[in-house]
Structure formats: C-alpha cells, structure tokens
Amino acid sequence: MTFELETATSPEKLRRVAIDPVSRVEGHGKVTILLDADNKVHQVRLHIVEFRGFEKFIQGRPYWEVPVMVQRLCGICPVSHHLAASKALDMMLGVKQLTPTAEKIRRLMHAGQILQSHALHFFHLASPDLLFGFGSDMAKRNIVGVVAAHPEIAKKGVLLRKYGQEVIRMTAGKRVHGTGSVPGGVNKSLTAGERAELLKDAYQMVAWSRDAVGMIRQLFEQNLVEYNAFGRFRSAGMCLVSPDGAMDLYHGGLRARDADGKTLFDHFNYGRYWDVIAEDVKPWSYMKFPFFKSLGPDDGSYRVGPLSRVTLCDSIPTPLADKEREEFMAFDGGSATGATLGYHWARMIEMLHAAETIKDLLHDDDITGGDLMATGERQERGVGVIEAPRGTLIHHYRVDENDQVIRANLIVSTTHNNQAMNTAVREVARQYIDGVEITEGLLNHIEIAIRAFDPCLSCATHALGQMPLEVAIVGADGTVIDAATRDHRGLIRDVS
Amino acid sequence: MNDTNNSFQLDGEDLPFTPGQTIMQAAKAAGVYIPHLCWHPDFPAHGSCKLCTVKVNGRFGSSCTMEAQAGMTVENRTAELDDKRRTMLQMFFVEGNHFCPSCEKSGDCALQATAYELKMMSPHFDMFYPDRPVDASHPDILLDFNRCIMCSLCVTASREVDGKNVFAMGGRGILGRRIHINSESGRLADTDFALSDRAANICPVGVILKKRKGFAVPIGDRRYDKTPINEQVKEPTA
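Rules of the game
- Residues numbered from 1 in each chain as written.
- Chains lettered and ligands numbered in written order.
- Predicted model: local features only at pLDDT ≥ 70, side-chain atom pairs only at ≥ 80, totals over all residues.
- Helix = DSSP H or I, 4+ residues; strand = E, 2+ residues; numbered from the N terminus.
- Buried ≥ 20, exposed ≤ 12 C-beta atoms within 10 Å, placed from the backbone.
- Rg over C-alpha atoms; globule rule 2.2 N^0.38 Å.
- Contact = placed C-beta atoms within 7 Å.
- Pairing = 2+ DSSP bridges.
- Nonpolar A, V, L, I, M, F, W, Y, C, P; charged D, E, K, R; others polar.
- Domains from an automatic or database assignment.
- Axes fitted to C-alpha atoms, helices over the stretch in contact; angles between N-to-C directions.
- Left-handed = near helix turned anticlockwise from the far one by under 90°.
- Core = buried A, V, L, I, M, F, W, Y, C linked by C-beta atoms within 7 Å.

(A) Structural detail: the overall build of chain A. Check the secondary structure of chain A and you find 15 helices and 17 strands. For chain A, the residues scored as buried account for 53% of the 496 residues in total.

Okay, structure coming up:
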C-alpha cells in the first residue's frame with residue numbers, strides 16, 4: 001500500500017478540497033485533498049469523523065446487557081455487533097459449544113444480516129454509480145434514479161433487503177436492534193409458522209442473488225479496463241475460515257496472506273488476536289491503523305471484507321456461490337481479485353452464499369428446537385470474532401467477579417480497512433484528479449472508492465436519498481475560491 | 001345513576017365502591033385503569049408519583065390516596081389530565097438515566113408501558129444525566145439506580161413483608177434523594193437480601209434485577225408486548 005500522498009511536505013501552501021460528508025456510505029466520513037496551484041495532488045486523507053465511546057461507557061455494565069447495547073453502534077449491521085459480543089461472552093461463560101438450535105439460529109440471523117446489508121450496499125448505495133457512470137448527472141445518480149431507469153433491478157434490491165430484515169426479525173425479535181442472541185445461546189428459535197413464511201420466498205432470493213452476481217459480472221465485462229484499474233493497489237488480506245479452509249462468516253480461525261499471496265498465519269485462534277495484530281496511531285486521525293505484527297506498521301496493513309474473504313477462502317460451502325467464486329477468480333486471468341471494485345463482485349457472491357445458507361437452514365429441523373442455552377466454566381475474558389458484512393469484527397471483553405464489564409476493545413471492519421481505504425482514495429486521486437480542473441463528477445470517483453469498502457460507522461439508519469454535501473476550494477491564502485452545496489434533494493447551489 | 005349511596009361517577013360512568021376504598025382501589029376493582037407508578041394494590045398508598053392525579057368535582061387530587069365518596073364526579077382519562085401525566089412522565093425520564101434500547105426491563109417496565117399508553121413521544125426536557133451508582137456486589141441481584149423513580153415500593157416491601165429493612169429513602173432534592181442500602185458498607189452484598197424476598201420482585205422499573213437473566217424472554221413474549229398496561233388492570237399486581 002502507498003503512504004506517498006499521506007502527508008504533504010508544505011501543506012500551508014496548498015489549497016484544500018473537502019468532501020464532507022462522503023455520501024451514500026453507511027456512516028460519516030470526510031475526505032480532504034490538498035492541491036497546489038496547478039491542481040497537482042499532494043495529500044489525500046480519509047477521516048472518520050465520529051467518536052463513539054462504546055468501549056468506555058460499556059464499562060461497569062452487566063455483561064448480559066452488552067450484546068444488546070453495543071449493537072447500537074450501527075443501524076445497518078447491528079446483528080454483527082450483537083453476535084460478536086455474544087460470541088465473546090460465550091467464551092467468557094466457558095461455553096465451548098452452543099446447542100445445535102442456538103448455533104443454527106445465530107447462523108440464520110447472521111445470513112439474514114449479510115443478505116440485507118449486501119443488498120443495501122450494492123443496490124441502494126453503489127449501483128447508481130455503476131449503472132449510470134461514475135461522473136454521470138448527479139441528480140439521477142441515486143436509488144430514486146435507479147428506480148426510475150431500472151425498476152426491476154431496484155425492486156429486487158429492495159425486496160432482497162426486506163427478506164433479510166424479515167429473517168432478522170424472526171430470529172432476533174426485531175428487524176433492527178433485536179435481542180435474540182444472549183450469552184450462552186439464544187432466547188428463541190423459529191416457530192413452524194415463521195419457518196414456513198420464510199421458506200415461501202427463499203428460492204426466489206437465491207435466484208435474485210444469482211442475477212445480482214450476473215449483473216456485476218456484466219458490468220465488469222463492459223468496463224473491464226476502467227474497473228480493473230480503478231483505485232487498484234496491492235494488499236494483504238485477512239478473514240475467518242472454517243477448519244477445512246472454506247468460507248465461514250460466523251466462526252472459524254483467522255487466515256492472513258500478504259500481497260504476494262504468501263500465508264502469514266492460518267487457522268489462528270482469534271482468542272489471542274493480539275499476538276498477530278497491533279494498532280498504530282497517526283496524529284491526523286481518530287481512527288487507529290491496525291497492522292500485522294509480523295510485517296510491522298509500515299508494511300503490515302491489510303484489507304478485510306468480501307474481497308479478502310472470497311479470494312482467501314479455499315471454497316464456499318454452498319454450490320452456487322462456490323461456482324461463482326471460481327468464475328470470479330478465473331475472470332480475465334484473475335484481474336478482478338485485486339480490483340477495488342472487485343469488492344462489489346465478491347459482495348454479490350457472498351449475498352448468494354447468504355441466500356443459499358438461509359434456504360439450507362430453513363430445511364434443518366434444529367431451527368425449531370427448544371434447547372436454546374449452554375453453560376460452561378466461567379472465564380475472566382472473552383473474545384468474539386465474526387465476519388461482518390464489511391469485514392472481520394473483533395469484540396473483546398473482561399468481566400469481573402460481580403458480572404460487570406471492566407474492559408472492552410472493539411476492532412471494527414472499517415478500522416481494519418482504514419489504511420486500505422486511504423490507499424484506494426489516494427490511487428483514485430492520482431488517477432483522476434491530479435492536474436485537472438475538479439468537478440463534482442471527479443470528486444464522486446473518490447466516493448466510489450470508499451463505497452467499495454463502505455465505512456461501517458453508522459450511528460443510525462440513513463434516510464433514503466442524497467446526503468448533503470459541501471465542497472469548498474480554499475486558496476493558498478485561506479480564502480474560499482469556489483464552493484458548492486448539495487442539499488438533501490440533490491439540488492446543487494453555488495455558494496461562493 | 002346507581003341507586004345506592006356507594007357509587008360515584010368516573011368519566012361519566014357509575015362506579016361502585018366499598019366504604020373506605022380509595023378512588024384507585026374502587027377503579028381497579030371495577031377494571032378501570034387510572035395511570036399510576038408508585039401505587040401497588042398490596043401496599044398502602046405512597047402518593048408520590050402523582051401520575052394517578054384525577055379531578056374530583058373539578059379539583060385535582062391523587063386517586064390513590066383520596067377516599068371515594070358517594071356522588072363525587074371524577075375525571076380520569078381526559079385530554080387535559082393525560083397531557084399533564086405525559087409531562088410528569090417526561091420529568092421521570094429526564095430525572096433518571098432511562099435508556100430503554102439497552103435496558104433488560106424493556107417490555108416489562110411500568111414506566112415504559114405507561115409512556116406508551118400516554119403516547120409520550122420524547123422526553124421533551126433536557127436530560128439531567130444524574131450520576132447514580134450500580135451495586136453489583138450481591139451474587140444474585142444487581143441494583144441499577146440509574147432507573148429508580150423513587151416509588152419506594154422496595155422500601156415498603158422489605159419492611160412490611162420481608163421484615164428486613166434493606167432499603168431506605170434518604171437525601172434531599174432531585175439529585176440528592178435516593179435509595180440507600182441498610183448495611184455498614186452501603187453495599188447490597190452486606191445485607192441479608194435474597195432473591196425470594198418480596199422486595200426483590202416488586203420494582204416496577206429496571207432497578208432490582210435478577211443477575212444473568214437479562215433478555216432471556218424474547219421480544220413479543222414480554223409482559224407488555226401483547227397486552228398494554230391499561231388492559232392489565234385486573235391482574236393482581238398491576
């Protein structure tokens with residue numbers, strides 16, 4: 001990865017362009033670009049501007065409250081935090097094996113989460129860029145524009161997400177922020193009625209997910225050169241895999257490979273993640289920069305998420321998704337496996353895997369069982385790791401003898417991807433913005449790179465539509481040369 | 001109108017009562033809901049929450065402490081009274097730290113259920129964010145005073161039923177007044193409080209909690225999920 005454009009040598013002489021906030025991502029981010037008088041790019045930084053504080057205010061709370069409280073980190077993928085916290089507290093309770101019903105209900109909940117989040121990410125947030133073009137008319141470049149121009153695609157996106165939310169509601173009690181997973185197991189299984197209701201549409205979801213994989217493949221074929229080159233960089237990667245090396249989004253050991261594909265660690269027990277991962281701090285960002293200890297802070301950054309998972313696993317344990325994985329890996333000599341936009345293709349393969357997993361689990365009688373809780377010998381600490389929609393998610397808690405949390409550490413997907421996202425936006429800035437007159441369409445290229453990863457720092461579910469955006473070009477003397485705003489309806493006003 | 005002397009009008013309906021009953025007791029016996037928090041049918045009225053305020057012959061009064069009288073006219077669920085109750089509820093919410101989203105009592109909490117019943121949509125007032133302790137010292141019971149509404153039911157139950165006097169109300173002012181633990185250390189672990197005590201099972205909100213049981217009941221099966229609080233008036237503990 002490149003650090004070349006991380007820090008300019010004389011920033012005071014440069015003008016600053018800010019994309020604040022970055023729109024159509026799940027969370028709040030900001031990009032600053034420093035340019036000289038000839039529009040040469042000297043510095044690009046992605047800032048995650050929120051401070052959440054969950055690790056601090058969870059201290060002193062009873063441990064059984066944690067899976068419900070920490071999921072409030074996010075309105076889009078709360079299930080991931082809910083399950084990662086539950087898994088950590090399973091370990092703290094000494095529960096080494098959940099009951100079959102509990103494990104399958106949690107896996108079902110997680111597959112529902114992957115399905116709905118990936119559908120939202122691809123159809124609602126990213127597809128406008130891919131369907132209309134990166135620099136297309138921004139008034140149309142949103143989900144409403146997709147509904148108008150491609151109603152069938154939009155409908156599938158909306159209904160796939162809705163189905164995933166229904167899976168979550170029936171396993172967790174609510175579509176958003178349920179309580180289904182508790183330390184040691186779950187508090188409910190499916191009723192026969194719920195199972196039948198979900199089964200009605202399960203095969204349709206598999207079919208639509210296959211269509212979605214076909215759609216992103218087609219987009220790659222049509223725009224091969226641009227998609228392959230867009231924000232491309234070499235990177236190490238990390239994900240969970242099952243004991244046989246297959247993709248497992250719920251549980252497994254950690255696998256990491258460097259940018260050359262050399263294995264750094266494999267099937268590593270995540271209960272001691274700190275032996276292989278450390279976090280670096282930079283003075284300009286509130287977000288830490290994790291790195292592989294064996295490679296050091298300068299060379300040890302890595303990618304997590306769909307692209308890492310699909311490329312690092314040996315197989316996917318559902319047949320249709322595995323076939324798509326093989327085609328993705330072989331496509332154009334493997335070129336898409338290193339492309340930043342390859343994230344979207346990998347994401348759709350995972351969505352297909354999630355749909356197949358839901359269908360398979362719904363045929364398993366254990367999901368209506370009544371044995372929900374397991375017990376074990378209490379430990380002081382617990383670590384839970386899960387593959388959240390955007391990547392590896394680590395929850396780590398220490399609990400005292402009074403059942404109160406005394407320490408918490410969360411490393412979320414976006415933190416793992418911090419350096420990778422910064423590298424991607426720098427590559428895009430170098431490719432598209434360096435030395436040319438900046439337009440909104442060009443700035444959108446930066447956002448497209450971020451949307452490929454998509455920061456997972458949502459504090460709430462976002463309203464459908466355009467996020468407000470303000471871009472200001474500030475001269476070397478600090479005066480605003482040009483500025484424009486985009487309001488929530490997507491209307492642009494020159495405010496200079 | 002009922003021809004006996006032992007009836008009064010409640011929201012335009014005749015309501016019978018037994019001499020000595022309060023308006024609240026008579027209403028409950030007849031299956032009529034008057035919003036309340038600190039009143040419990042098994043204990044003498046405390047009269048502190050004021051949520052059960054009604055208008056008796058045009059004047060405000062606490063229905064839990066005011067004796068029913070023949071021929072009186074009582075207003076209960078009027079827009080005016082419910083509006084005042086909503087305001088009082090908002091004060092309850094801002095005076096403590098009531099974070100329903102992560103509270104294990106959510107769905108079983110009388111404060112939350114009453115807020116739903118009275119259609120309280122927001123706390124309205126600025127939050128006080130009082131610094132209240134959590135006492136996790138007891139092996140079986142957690143005390144989270146962030147959610148205390150000072151109803152004093154635990155004080156009464158411990159004294160009157162359990163004969164233990166584990167709790168006492170003390171201090172002055174909104175931020176100073178709180179429940180104290182009757183032990184040398186001030187910790188619950190140093191009392192003889194037990195899970196089987198009546199006081200351990202009486203808290204209408206999320207202060208006195210059985211440890212390691214939180215969120216065991218799924219959404220949909222909790223006390224107020226299926227039946228709103230106003231329809232539970234005939235249940236003995238409501």
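Here the narrative resumes, following the displayed structure.
(B) Representation of the overall build of chain B within the structure. Check the secondary structure of chain B and you find six helices and ten strands. Computed over C-alpha atoms, the radius of gyration of chain B comes to 18 Å, within 12% of the 18 Å expected from 2.2 N^0.38 for 238 residues, which places it in the range of a compact globule. Referenced to the eigenvectors of the C-alpha coordinate spread, the extents of chain B come out at roughly 60 × 40 × 40 Å. In chain B, buried positions account for 38% of the 238 residues. Long-range contacts, defined as pairs at least 24 residues apart, comprise 63% of the intrachain contacts of chain B with a sequence gap of at least 6.

(C) Quick peek at the pairing of strand β8 (residues 263–268) of chain A. All names here are of chain A. Of the strand pairs in this sheet, strand β7 (residues 253–257) and β8 are connected by three bridges, and their pairing is antiparallel. Its bridge partner being in β8, R257 is matched across the sheet by T263. Between β7 and β8, which follow one another and run antiparallel, lie five residues, and G261 among them has a positive phi close to 90°.

(D) Looking closely at the interface of chain B and chain A. Contact with chain B, which involves 16 residues of that partner, is made by 19 residues of chain A. Residues belonging to the side of chain B that touches chain A are distributed by class as follows: nine nonpolar, four polar and three charged.

(E) The environment of N142 of chain A, seen in detail. You can see N142 of chain A is positioned in the loop between α4 (100–132) and α5 (143–149). The spatial distance from the C-alpha of N142 of chain A to the C-alpha of S127 of chain A is 8.1 Å, given a sequence separation of 15 residues.

(F) Broad picture of the domain arrangement of chain A. Residue and element names in this part refer to chain A. When its domains are assigned, chain A resolves into domain 1 (11–49 + 421–494) and domain 2 (97–232 + 340–347 + 356–375). Listed as interface residues are 21 residues of domain 1 and, on the opposing side, 19 residues of domain 2. Where the side of domain 1 that touches domain 2 is concerned, the elements lending two or more residues are α14 (418–433) and α15 (440–453). Residue contributions to the side of domain 1 that touches domain 2 peak at ten residues, all from α15.

(G) Quick look at the sheet that holds strand β11 (residues 302–303) of chain A. Taken in spatial order, the four strands of this open sheet run β8-β7-β6-β11 (chain A), and their pairing is mixed. Each having just a single partner strand, β8 and β11 of chain A make up the two edges of the open sheet.

(H) Geometry of the domain arrangement of chain B. Residue and element names in this part refer to chain B. The domains assigned to chain B are domain 1 (8–77) and domain 2 (85–225). Put simply, the middle of domain 1 and the middle of domain 2, counted by C-alpha atoms, are 25 Å apart. Tallying the contact residues gives ten residues for domain 1 and 15 residues for domain 2. By residue class, the composition of the side of domain 1 that touches domain 2 is six nonpolar, three polar and one charged.

(I) Structural detail: the environment of P204 of chain B. All names here are of chain B. Within the secondary structure layout, P204 lies in the loop between β9 (178–181) and β10 (208–210). The exposure class of P204 is buried, given the 27 C-beta atoms found within 10 Å. Counting along the chain gives 17 residues from P204 to R187, while the straight-line C-alpha distance between them is 22 Å. Not counting residues up to four positions away in its chain, the partners in contact with P204 are L37, A110, L111, C151 and L153.

(J) Summary view of the sheet that holds strand β14 (residues 405–411) of chain A. All names here are of chain A. Strand order in the open sheet made by the three strands is β12-β13-β14, with antiparallel pairing throughout. With partners counted over all chains shown, the strands left at the sheet margins are β12 (381–388) and β14, one partner each. Strand-to-strand twist in this sheet, taken as the mean axis angle between neighbours without regard to direction, amounts to 15°. Taken strand by strand, helix α3 (residues 78–92) contacts β12 and β13 (391–399), and its axis lies near 150° from that of β12.

(K) Summary view of the packing of helix α6 (residues 151–172) of chain A against helix α7 (residues 192–222) of chain A. All names here are of chain A. Taken N-terminus to C-terminus, the directions of α6 and α7 make an angle of 145°; their axes are 10 Å apart at the nearest point. Judged by the sense of rotation from one axis to the other, the crossing of α6 with α7 is left-handed. Contacts between α6 and α7 involve K156, L160, Y163, E166, V167 and M170 from the first element and E194, L198, D201, M205, W208, S209 and D211 from the second.

(L) Seen up close, the nonpolar core. Residues and elements named next belong to chain A. Ranked by internal contacts, the top residues of the largest apolar core, which has 140 residues, are L115, I358, V425 and A429. Among the domains, domain 1 (11–49 + 421–494) and domain 2 (97–232 + 340–347 + 356–375) are the pair contributing at least three residues each to this core. Contacts of L115, omitting those with residues within four sequence positions, involve L160, Y163, G164, M205, M351, A354, A355 and I358.

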